[in-house]
Amino acid sequence: QVQLVESGGGLVQAGGSLRLSCAASRGTFSMYGMGWFHQAPGKEREFVAGITWSGAFTDYDESVKGRFTISRDNAKNTVHLQMNSLKPEDTATYYCAARWNNGRYVSVWQHEYTYWGQGTQVTVSS
């Protein structure tokens, strides 16, 4: 069973940057596709970005394309989300998630992810 712990959230002004990290323990990290989702108060959890097991393929929600970058380091069992040009509407709790995946498919569906972290809060002030 994979355990995931997010870090790197915080308070930042609009236009600023944050780098979220997700550390995985147990399981074979390199066999899992990873995703980042976010959930704002009163809203459903939504896909933000995803990456395949090898890091060769990524996908992003349209709202973050060109601003966010997902990456992974299989040697360190970590996945990162670099967030630039942050906007107040990016304010949410951010979760990383893992799904068994040894192909090129990046899932945008939360029900396809098996393991979830506890989340880290990102607040962007205007």
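Residues numbered from 1 in each chain as written. Predicted model: local features only at pLDDT ≥ 70, side-chain atom pairs only at ≥ 80, totals over all residues. Heavy atoms only, no water.

This part is about the state of the cysteines. Any covalent bond linking the sulfur atoms of two cysteines counts as a disulfide. Taken as a whole and judged by the stated rule, the model has one disulfide. The disulfide partner of C22 is C96, and the S-S distance across this bridge is 1.9 Å. Measuring the twist about the S-S bond at about 45°, one finds the C22-C96 disulfide to be right-handed. Linking C22 in strand β3 (residues 18–25) with C96 in strand β9 (residues 92–100), this pair joins segments that are 74 residues apart in sequence. With respect to burial, C22 and C96 carry one shared label: buried. (Disulfide = S-S within 2.5 Å. Helix = DSSP H or I, 4+ residues; strand = E, 2+ residues; numbered from the N terminus. Buried < 20%, exposed > 50% of the residue type's maximum accessible area, 1.4 Å probe, protein only.)

It is worth spelling out the sheet that holds strand β8 (residues 78–83) at this point. The sheet built from four strands is open, its strands ordered β1-β3-β8-β7 with antiparallel pairing. Each edge of the sheet is formed by a strand with only one pairing partner; in this case those strands are β1 (3–7) and β7 (68–73). Neighbour-to-neighbour, the strand axes of this sheet turn through a mean angle of 15°, independent of strand direction. Bridge count between β7 and β8: six bridges; the pairing is antiparallel. Considered in β8, the bridge of T69 is made with Q82. (Pairing = 2+ DSSP bridges. Axes fitted to C-alpha atoms, helices over the stretch in contact; angles between N-to-C directions.)

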